[in-house]
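Examining the three-dimensional arrangement
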Amino acid sequence: MTPHEFDYDYVVIGGGSGGIASAKRASQLYGARVAVIEKSRLGGTCVNVGCVPKKVMFNAATQAHFLAHEAQHYGFSGSREVANSFDWAKVKNARDAYVKRLNGIYEAGLRNANIDIVRGTAAFRDEHTLAVTTDDKTFTHLTAKYILIATGGRPIFPEGEGIEDNCISSDGFFELEERPETVCIVGAGYIAVELAGVLNSLGSEVHLVIRKGNALRNFDEIVMNGLDEEMVRSGIRIHRFSGGVAKITNANGKKTITTHSGDMIYGVDCVIVAPGRAPNVEGLFLDKAK
């Protein structure tokens, strides 16, 4: 196949931050014929279920913390009661509307850069050909001289009895319609501790299950120890040296978590697992791209 026979000069699989930036650069700076294939909302993890909506929740938690613990020292009375009046649904609706607006901005940016947006899921047929299953379940084929894989990653669930059936991932956190009264977060990375801090400041009873002695143990020791002290001081209940979660049972919506160390946590409304992420490469048939 000669270059002029390709449908596009450059096709990007994935409409997240990296894919969009690369596509726009190829089109605007080099005049390439470009398409972006995306099966979900434009913007990827960061915009939809990552840094952007997380910062909204972090800011809400910051306000709650100030009202509950600091405002009284500056002459404000009744601030603790205001902190307890947090309206989760109101913030969620505003946050979701903000994210939706960003989705539209990304789409307009691509179209203004003369980039085609193909809605669907891609799989390689050979190194220059992609089969795309579109949203309406029809199939189409695209060819390109160059193809960029920018599919990002997804949260993973640890193995264990009842875990996947009774837990949500960090993505699922942004779908919660109300604040859980009691929440258990499984993981020792920055996503786990961020969610623990946010929910704790907004009024939830928070349990953090970590396999070893500390969260963020691969970070600088000052950061690790400082975080640990602050989490304990703020009331987060840390279950250390758990070995991870072995089993979760559900009785009338209340979950019981059993760790590999034998520790048990009762009466949990929501379990959020954040042990790590995996690349989104299943179904791409990468072996055909050689």
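The rules behind these values
Residues numbered from 1 in each chain as written. Predicted model: local features only at pLDDT ≥ 70, side-chain atom pairs only at ≥ 80, totals over all residues. Heavy atoms only, no water. Pairing = 2+ DSSP bridges. Helix = DSSP H or I, 4+ residues; strand = E, 2+ residues; numbered from the N terminus. Expected span 1.5 Å × (residues − 1). Buried < 20%, exposed > 50% of the residue type's maximum accessible area, 1.4 Å probe, protein only. Polar contact = N/O pair within 3.5 Å; in protein donor to acceptor, adjacent residues only side chain to side chain. Contact = heavy atoms within 4.5 Å. Axes fitted to C-alpha atoms, helices over the stretch in contact; angles between N-to-C directions. Arc of directions from axis to C-beta. Salt bridge = Lys/Arg side-chain N within 4 Å of Asp/Glu carboxyl O.

**Thoughts on the sheet that holds strand E7 (residues 168-169)**
The strand order across the open sheet formed by five strands is E7-E14-E8-E9-E10, and the pairing between neighbours is parallel. Unpaired on one side and paired on the other, E7 and strand E10 (237-239) mark the two borders of the sheet. As defined by bridge partners, E7 adjoins strand E14 (residues 270-273) across two bridges and the pair is classed as parallel. Pairing of Ile168 across the sheet is with Ile272, part of E14.

**Comments concerning helix H5 (residues 88-112)**
Taking 1.5 Å of rise per residue, 25 residues should cover 36 Å, and H5 covers 36 Å from first to last C-alpha, within 8% of that figure. Those residues of H5 that sit buried are Trp88, Lys92, Arg95, Val99, Leu102, Asn103, Gly109 and Leu110. N-capping of H5 is provided by Asp87, with a side-chain oxygen placed 3.3 Å from the backbone N of Ala89.

**Some points on the pairing of strand E12 (residues 254-259)**
Of all six residues in E12, five are buried; the element is thus mostly enclosed. Bridging between strand E11 (residues 245-251) and E12 involves six bridges; their strand directions are antiparallel. Each bridged residue has a counterpart across the sheet, and for Thr249 the counterpart in E12 is Thr256. From the end of E11 to the start of E12, which pair antiparallel, there are two residues, and Asn252 there has a positive phi angle of about 55 degrees. Relative to strand E13 (residues 264-268), E12 runs antiparallel, the two sharing three bridges. Paired with Lys255 across the strands is Val268, a residue of E13. Counting the residues that bridge the hairpin from E12 to E13 gives four residues, and of these Gly262 lies at a positive phi of roughly 100 degrees.

**Here we look at unusual backbone geometry**
Only a minority of non-glycine residues have a phi that is not negative, and only a minority of peptide bonds are not trans. In this model, Asn114 sits at a positive phi of 60 degrees, which is unusual for a non-glycine residue. The residue Asn114 is located in the loop between H5 and strand E3 (116-126) in this model. The backbone of Leu216 sits at a positive phi, close to 50 degrees, despite the residue not being glycine.

**Concerning the environment of Ala246**
Along the polypeptide, Ala246 turns up in strand E11. Of the residues examined, Ala246 reaches a relative accessible area of 23% and is grouped as partly exposed. Put simply, Ala246 and Glu161 are 85 residues apart on the chain and 6.6 Å apart in space, counted from C-alpha to C-alpha. Ignoring any residue separated from it by four or fewer positions in sequence, one finds Ala246 in contact with Gly160, Glu161, Thr258, Thr259 and His260.

**Description of the side chain of Lys54**
With respect to the element layout, Lys54 can be found in helix H3 (residues 51-69). For Lys54, the contacting residues outside a window of four places in its chain are Phe174 and Glu194.

**Points about the sheet that holds E12**
Taken in spatial order, the three strands of this open sheet run E11-E12-E13, and their pairing is antiparallel. Edge positions in the sheet fall to E11 and E13, since each has one partner strand and no second. In this sheet, adjacent strand axes meet at a mean angle of 15 degrees when their direction is disregarded.

**Some thoughts on helix H1 (residues 17-30)**
Look at H1: 19 Å from first C-alpha to last across 14 residues, which is about the 20 Å you get at 1.5 Å a residue. By the burial criterion, the buried members of H1 are Gly19, Ile20, Ala23, Ala26 and Ser27. Each buried residue of H1 lies within a common arc of 135 degrees when the element is viewed along its axis, so the set occupies one face. Exposed residues lying more than 90 degrees from the buried face of H1 are Arg25, Gln28, Leu29 and Tyr30. For H1, the secondary structure elements touched by its buried residues are strand E1 (8-13), strand E2 (34-38) and H5. A positive phi of about 70 degrees marks Gly31, the residue just after H1.

**Things to note about the pattern of salt bridges**
Note on pairing: side chains with opposite charge can pair once their charged atoms come close. Evaluation of the coordinates by the stated rule reveals 12 salt bridges. Between Arg233 and Glu230 there is a salt bridge; the shortest N-O distance is 2.6 Å. Taken as a pair, Arg233 and Glu230 lie in helix H9 (residues 221-234) at a separation of three residues, close to a single helical turn.

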